[in-house]
Amino acid sequence: MVSSTLTRGTSIVTAAELEQFRAATTGEQYARTVLQLARAERLRPKVLADAAYTAWLKSENPKRVLSASEWTELFRLSYLHGHDLYEVQE
């Protein structure tokens, strides 16, 4: 299974690897894998933010892909303090 290969180990997953995975899998599997990688802190902040939005936008029915609490967790993880998109503009 492709997702098990991507989620093994402890190294950071690159944007290119994640995009290749997204092209080869379903929207549901992509979203679940992104959440799993986010929980394991294996995605850089920008990659995580892009992946979270992509997972949401590519889901035909987001409510069937992940529960509301899982989507909330995924988006919360992608906006931790210090994240580029979270920084206050002066």
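Above this text sits the structure in question.
Let us look at the structure shown here. Residue numbers run consecutively from 1 along every chain, following the written order of its sequence. Reporting in this predicted model follows two pLDDT cut-offs: at least 70 for local features of residues, and 80 or more for side-chain atom pairs to be given and counted; totals over whole chains, interfaces and linings ignore these cut-offs and use all residues. For side-chain calculations, the full set of non-hydrogen atoms in the structure is used, while hydrogens and water are omitted.

What to know about the pattern of salt bridges
- The term salt bridge refers to a pairing of a side-chain nitrogen on Lys or Arg with a carboxyl oxygen on Asp or Glu at a separation within 4 Å. Using the criterion set out here, one finds five salt bridges in the structure.
- Among the ionic pairs, Glu28 bridges to Arg32, the shortest N-O distance being 3.7 Å. Highlighted residues: Glu28 and Arg32, both in helix α3 (residues 27-39), separated by four residues, approximately one helical turn.
- Each of Glu28, Arg32 and Glu70 takes part in one network of salt bridges that share partners. Put simply, DSSP H or I for four residues or longer makes a helix, DSSP E for two residues or longer makes a strand, and each gets a number counted from the N terminus.

Topic: the nonpolar core
- Only buried residues count toward a nonpolar core, which is a set of Ala, Val, Leu, Ile, Met, Phe, Trp, Tyr and Cys residues joined through side-chain atoms within 4.5 Å. Burial status follows relative accessibility: with a 1.4 Å probe on protein chains alone, a residue under 20% of its type maximum counts as buried, one over 50% as exposed, and anything between as partly exposed. Membership of the largest hydrophobic core comes to 21 residues, with the highest contact counts inside it found for Leu18, Tyr30, Val34, Leu43, Leu48, Trp71 and Leu74.
- When contributions to this core are tallied by element, the ones reaching two or more residues are α2 (15-23), α3, α4 (45-58) and α6 (68-77).
- Per-element tally for this core: the top contributor is α3, with six residues.
- Dropping the residues within four chain positions of it, Tyr30 is found in contact with Leu18, Phe21, Arg22, Thr25, Ala51, Thr54 and Ala55. Residue contacts follow a heavy-atom distance rule, with two residues in contact if any of their heavy atoms lie within 4.5 Å.

What to know about α4
- An expected span of 1.5 Å times one less than the residue number is assigned to each helix. With 14 residues, α4 should cover 20 Å at 1.5 Å per step; its first-to-last C-alpha distance of 20 Å lies within 8% of that length.
- Burial in α4 covers these residues: Val47, Leu48, Ala49, Ala51, Ala52 and Ala55.
- Next to the buried residues of α4 lie α2, α3 and α6.

Quick notes on the packing of aromatic side chains
- Ring pairs shown here join Phe, Tyr and Trp side chains whose ring centres sit within 6.5 Å, with only the six-membered ring taken for Trp; geometry is labelled stacked below 30 degrees between planes, edge-to-face above 60, and tilted in between. Under the definition given, this model contains six aromatic pairs.
- Each ring, one from Tyr53 and one from Tyr79, has its centre 6.3 Å from the other, and the planes form 70 degrees; the classification is edge-to-face. With a gap of 26 residues between them, Tyr53 in helix α4 and Tyr79 in the segment after α6 connect regions that are remote in the sequence.
- According to the relative accessible area criterion, Tyr53 is partly exposed, its value standing at 41%.
- Relative to Phe75, the ring of Trp71 lies with its centre 6.2 Å away and its plane at 25 degrees, an arrangement referred to as stacked. Here Phe75 and Trp71 lie together in helix α6, a separation of four residues that amounts to about one turn.
- By way of ring pairs, the aromatic residues Tyr53, Trp56, Trp71, Phe75 and Tyr79 are connected into one cluster.

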